[in-house]
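One letter stands for each residue in the lines below.
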Amino acid sequence: MSLNRSEQLLFDHLQAHKEERQHWREKLQAEAGKVSDPHAWAARLDGELRRYAAERAALRPAEFQLSPGQPLAKVSMRNLAELLLRLWGPPVAPRRPPADN
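Below or above, wherever it landed, is the structure these notes cover.

Definitions and limits used
Residues numbered from 1 in each chain as written. Predicted model: local features only at pLDDT ≥ 70, side-chain atom pairs only at ≥ 80, totals over all residues. Heavy atoms only, no water. Helix = DSSP H or I, 4+ residues; strand = E, 2+ residues; numbered from the N terminus. Buried < 20%, exposed > 50% of the residue type's maximum accessible area, 1.4 Å probe, protein only. Contact = heavy atoms within 4.5 Å. Expected span 1.5 Å × (residues − 1). Arc of directions from axis to C-beta. Axes fitted to C-alpha atoms, helices over the stretch in contact; angles between N-to-C directions. Parallel < 35°, antiparallel > 145°, perpendicular 65-115°, else oblique. Left-handed = near helix turned anticlockwise from the far one by under 90°. Nonpolar A, V, L, I, M, F, W, Y, C, P; charged D, E, K, R; others polar. Phe/Tyr/Trp six-rings, centres within 6.5 Å; stacked < 30°, edge-to-face > 60°. Lys NZ or Arg CZ within 6 Å of the ring centre and 35° of its normal. Core = buried A, V, L, I, M, F, W, Y, C linked by side-chain atoms within 4.5 Å. Salt bridge = Lys/Arg side-chain N within 4 Å of Asp/Glu carboxyl O.

## Observations regarding the overall build of the protein chain
- Check the secondary structure of the protein chain and you find 4 helices and 0 strands.
- Overall, the protein chain shows an N-to-C arrangement of helices and strands of α-α-α-α.
- Relative to its 101 residues, the protein chain shows a buried fraction of 33%.
- For the protein chain, contacts bridging at least 24 residues in sequence account for 76% of all contacts bridging at least 6.

## Thoughts on helix H2 (residues 18-32)
- With 15 residues, H2 ought to run about 21 Å at 1.5 Å a step, and its terminal C-alpha atoms sit 21 Å apart, in line with that.
- Taken residue by residue, H2 has Glu20, Arg21, Trp24, Leu28 and Ala32 as its buried positions. For H2, the angular spread of buried residues about the axis comes to 100°, placing them on one side. The exposed set on the far side of H2, more than 90 degrees from its buried face, consists of Lys18 and Glu19.
- As for H2, its buried residues are in contact with helix H1 (5-16), helix H3 (38-59) and helix H4 (78-88).

## As for the packing of H3 against H4
- Where H3 contacts H4, the two axes come as close as 8 Å, and the packing angle between them is 120°. In terms of orientation, H3 lies oblique with respect to H4. In the packing of H3 onto H4, the handedness of the crossing is right-handed. Each of Pro38, His39, Trp41, Ala42, Ala43, Leu45, Asp46 and Leu49 in H3 lies in contact with H4, whose residues at this interface are Arg78, Leu80, Ala81, Glu82, Leu84 and Leu85.
- Across the contact of H3 with H4, the residue classes tally to 10 nonpolar, 1 polar and 3 charged.

## Focus on the side chain of arginine 56
- In this fold, arginine 56 is placed in helix H3.
- Ignoring any residue separated from it by four or fewer positions in sequence, one finds arginine 56 in contact with His13, Glu20 and Phe64.

## Focus on the packing of aromatic side chains
- All chains considered together, the criterion is met by 1 aromatic pair.
- Residue placement shows lysine 27 over the ring face of tryptophan 24; its charged tip is 5.8 Å from the ring centre.

## A word on the nonpolar core
- In this structure, Leu10, Trp24, Leu28, Leu45, Leu49, Leu80 and Leu84 are the most contacted members of the largest nonpolar core, which totals 21 residues.
- Sorting the residues of this core by element identifies H1, H2, H3 and H4 as the ones contributing at least two each.

## Points about the pattern of salt bridges
- By the definition in use, this model includes 7 salt bridges.
- For arginine 56, the salt bridge goes to glutamate 20, with nearest N and O atoms at 3.6 Å. Here the residue arginine 56 occupies a position in helix H3, and glutamate 20 occupies one in helix H2, the gap between them amounting to 36 residues. Take arginine 56 and glutamate 20: they sit in the same class, and that class is buried.
- Where aspartate 46 meets arginine 50, a salt bridge forms, and the shortest distance between an N and an O atom there is 2.5 Å.

Printed below as a string of structure tokens:
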């Protein structure tokens, strides 16, 4: 899976900070059990990750530098959301092949 620059910065930040990584892992696991559609959960998580990245950028602007003229609010975090769901979410049951008649 390919992450954009902003997603990669945030993913690296989570990897480097154990407490924040644990917070997001627990949040994701707790919420994922309540959501039946993983695509809807990834879309919601996209918005939450964007807000989190904006908060980090405000606190640590040198660490979260984006391309000039690219507002963080317009950057997608969908690929990162899907990656985190794959890494930390509940296991996905394999699809059964269609039954032959």
